[in-house]
Amino acid sequence: MTESVRRLARDARRVLRQGPAAIRQRQHARLAEIVAFARARSPYFRELYRALPEDVADPALLPVTDKKTLMARFDEWVTDRDVTLEKAQAFVADPALVGERFQGRYLVTTTSGTSGLRGIFLQDERSVAVGNAVGRRASAGLGAGDVLRLLRGAGRTAIVSAPGGHFATVASAARFRRDHPRLGWMLREFSIHQPLADLAAELDRYKPSSLTGFSGMLGLLAGEQEAGRLRIHPGMVIAGGEALTADNRARIARAFHARVRSAYAATECGFLAYGCADDWLHVNSDWAVLEPVDADYRPVPPGQPSHTVLLTNLANQVQPILRYDLGDNVLLRPGPCPCGSPLPAVRVQGRAAEMLVIPTGRGGHAGLSPMLFGTLLDRLPGIEQFQLVQTASTTLRVRLKPAHGADPEQVWQAVRDEIGRLLAAHNAGHVTLERAEEPPERSPGGKFRRVVPLQDP
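Please read these numbers as outputs of a predicted model, since none were measured by experiment.

Asker: I keep staring at the domain arrangement of the chain and nothing clicks. Help me out?
Answerer: By a widespread convention, an interface's size corresponds to the accessible area lost as its parts come together. Domain boundaries in the chain define domain 1 (5-350) and domain 2 (355-452). Taking the mean C-alpha position of each, domain 1 and domain 2 sit 28 Å from one another.

Have a look at this one:
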């Protein structure tokens, strides 16, 4: 661990002991610092903030930004004048450079482009160090048995993800191996694209002490563990990338007899939040600002789901992320979390871009979150995976992958009946359900979208 990470980790622990007032103080100071830096070094933000007061400690004063706008003005957005979009694109076009330092200074990651626009994001050394420091909070609350199981696996971490490309999990792991060649065995990726039996066999041979992956894939691996085709004993399982339903969490915990933690991260901010034992995600608000807002970017009170959420990354100076429309639906906990953490707690409901919008007549519309379908169908036996594709405003194509040994016809009948009841309860009983021949599909980055709306932005 570098001295920078040690110093940041000490502060990350200290601020939790000091409580909410100290967390807010650091957030306000760091916000003022990053805004001042962006105005001084980024032509885009200098122009955007020209009418703002000199000192800004309230994020609500800042205009909203988004990926489309920032990518269109990439060269003016970045604060390093040697960085250009052309150079960055040439770098990410070479898979041999995954995890290598771009221009000797920056970690480069990309989004898969599922929403229609691929993003290219740079992290400076400070941002990477902050991520390493606050990431240690995720281990809080582990019991003695959990720690023993982590030690028994010699610290081996298995990351189940999509191989290739400069995706965040892959690039971060590759950076670790480049920086610590003697410790490369402690961190290994496993491809989600191989047959499930082959994946289970590889994990068996590796015997990880911790297991990380997309929530849906971890649910499939839990099924393999239950069936005896997978026999690993991780001390911790970290689920991310997709919303983790209560049923899936319980199944994963039961199958692996392990502590299950959810993680909330984005390519734009890899250290956003970590999960606690009470099923809430605690935002690292000393280094990030998360604002739940409605469709007009007005604040949404605690306890009510947001339309989207605005992210401000207080660590990354090379490519400032300030009041950035992340597109997620979140719910902010209205009171303190039972786990005792002083950090604000949220639950992620899904993405605004993944909401099903269905006309209900007389100009009305029903907005249905992917979490509604996940909570419903995860309880049905015989389903390994499902995916709903909206092919017309009132037509849903249902892609199913039945579990091993399940009767496909019975699974389809049960799924059709349950979805039909859900739609009827939301005044959308007129929607046509089509049975697809093709199986559920994943995005290039490995993320599995349970709901694919008619129009992706």
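Having seen it, we continue.
Asker: Honestly, the environment of Arg323 in this entry has me stumped. Any pointers?
Answerer: Along the polypeptide, Arg323 turns up in the loop between strand S11 (308-313) and strand S12 (324-325). The class for Arg323 is buried, based on a relative accessible area of 7%. The spacing of Arg323 and Arg450 is 127 residues in sequence and 27 Å in space, taken between C-alpha atoms. Here Arg323 is in contact with Pro59, Ala60, Leu62, Pro63, Val64, Thr65, Glu291, Tyr297, Leu310, Leu311 and Thr312, once residues within four sequence places are set aside.

Asker: Please clarify how the sheet that holds S11 should be interpreted in this entry.
Answerer: In space, the three strands of this open sheet follow the order S10-S11-S12, with antiparallel pairing throughout. Since the sheet does not close on itself, it has two edges, and those belong to strand S10 (288-293) and S12, each with one partner. Here two bridges tie S11 to S12, and the two strands are oriented antiparallel to one another. Its bridge partner being in S12, Leu311 is matched across the sheet by Tyr324.

Asker: Can you walk me through the packing of helix H11 (residues 215-226) against helix H12 (residues 246-256) in this structure?
Answerer: In a pair of packed helices, the angle between the axes and the distance between the axes together describe the arrangement. For the pair H11 and H12, interaxial distance at closest approach is 9 Å and the crossing angle is 40°. Relative to H12, the element H11 is oriented oblique. Once H11 is placed against H12, the crossing between them reads as left-handed. Counting all contacts with H11, which are made through Ser215, Gly216, Leu218, Gly219, Leu221, Ala222, Gly223, Gln225 and Glu226, the residues of H12 involved are Asn248, Arg251, Ile252, Arg254, Ala255 and Phe256. Taken together, the residues of the contact of H11 with H12 sort by class into six nonpolar, six polar and three charged.

Asker: So what exactly am I meant to see when it comes to the pairing of strand S5 (residues 210-214) here?
Answerer: Across a regular strand the side chains alternate sides, sitting on one face of the sheet and then on the other. Taking burial as the measure, the five residues of S5 include four buried ones, the bulk of the element. Here strand S3 (residues 157-161) pairs with S5 via four bridges, running parallel. Paired with Val160 across the two strands is Gly213, which belongs to S5. Sheet topology places S5 next to strand S6 (residues 236-240); five bridges connect them, and they run parallel.

Asker: Looking at this model, I keep getting lost on the side chain of Thr79. Mind explaining?
Answerer: Note that Thr79 resides in the loop between helix H5 (74-77) and helix H6 (85-92). Look at Thr79 and you get buried, because its relative accessible area is 10%. From its side chain, Thr79 meets the backbone oxygen of Gln317 in a polar contact 2.8 Å long. Filtering out sequence-adjacent residues up to four positions away, Thr79 remains in contact with Phe37, Arg41, Ser42, Gln317, Val318 and Pro320.

Asker: In this structure, what is going on with the sheet that holds strand S20 (residues 451-452)? I would like to understand it.
Answerer: One open sheet accounts for four strands, arranged S19-S18-S17-S20; its pairing is mixed. Two strands in the sheet have a free side with no partner beyond their single neighbour: strand S19 (432-435) and S20. With two bridges connecting them, strand S17 (residues 383-392) and S20 associate as parallel partners. Bridged to Leu388 within S20 is Val451.

Asker: How should the pattern of salt bridges be read in this particular structure?
Answerer: Close approach of charged atoms lets side chains of opposite charge pair. This model, assessed by the stated rule, comprises 27 salt bridges. In this structure, Asp11 engages Arg14 in a salt bridge whose closest nitrogen and oxygen atoms are separated by 3.3 Å. Of the two residues, Asp11 and Arg14 both sit in helix H1 (residues 3-18), three residues apart, roughly one turn of that helix. You can call Arg14 partly exposed: its relative accessible area is 32%. Asp11 serves as the salt-bridge partner of Arg26, at 3.0 Å between the closest nitrogen and oxygen.

Asker: Looking at this model, I keep getting lost on the nonpolar core. Mind explaining?
Answerer: One broad rule of soluble globular proteins: the nonpolar side chains tend to lie buried together. Ranked by internal contacts, the top residues of the largest apolar core, which has 58 residues, are Phe74, Ile120, Leu122, Tyr264 and Leu272. In this view, Leu122 contacts Phe74, Val83, Phe102, Tyr106, Leu107, Val108, Asn316, Val318 and Gln319; residues no more than four positions away in its chain are not counted. With 26 residues, the next largest nonpolar core counts Ala158, Leu211, Val237 and Ile252 among its residues.

Asker: Explanation requested: the packing of helix H10 (residues 196-206) against H11 in the structure shown.
Answerer: Relative to each other, H10 and H11 sit at 80°, their axes nearing to 11 Å. Between H10 and H11, the crossing angle belongs to the class labelled roughly perpendicular. For the pair H10 and H11, the contacting residues are Leu196, Leu199 and Leu203 in the first and Met217, Leu220, Leu221 and Glu224 in the second. Here the residues of the contact of H10 with H11 sort into six nonpolar, no polar and one charged.

Parameters and conventions
- Residues numbered from 1 in each chain as written.
- Predicted model: local features only at pLDDT ≥ 70, side-chain atom pairs only at ≥ 80, totals over all residues.
- Heavy atoms only, no water.
- Domains from an automatic or database assignment.
- Helix = DSSP H or I, 4+ residues; strand = E, 2+ residues; numbered from the N terminus.
- Buried < 20%, exposed > 50% of the residue type's maximum accessible area, 1.4 Å probe, protein only.
- Contact = heavy atoms within 4.5 Å.
- Pairing = 2+ DSSP bridges.
- Axes fitted to C-alpha atoms, helices over the stretch in contact; angles between N-to-C directions.
- Parallel < 35°, antiparallel > 145°, perpendicular 65-115°, else oblique.
- Left-handed = near helix turned anticlockwise from the far one by under 90°.
- Nonpolar A, V, L, I, M, F, W, Y, C, P; charged D, E, K, R; others polar.
- Polar contact = N/O pair within 3.5 Å; in protein donor to acceptor, adjacent residues only side chain to side chain.
- Salt bridge = Lys/Arg side-chain N within 4 Å of Asp/Glu carboxyl O.
- Core = buried A, V, L, I, M, F, W, Y, C linked by side-chain atoms within 4.5 Å.

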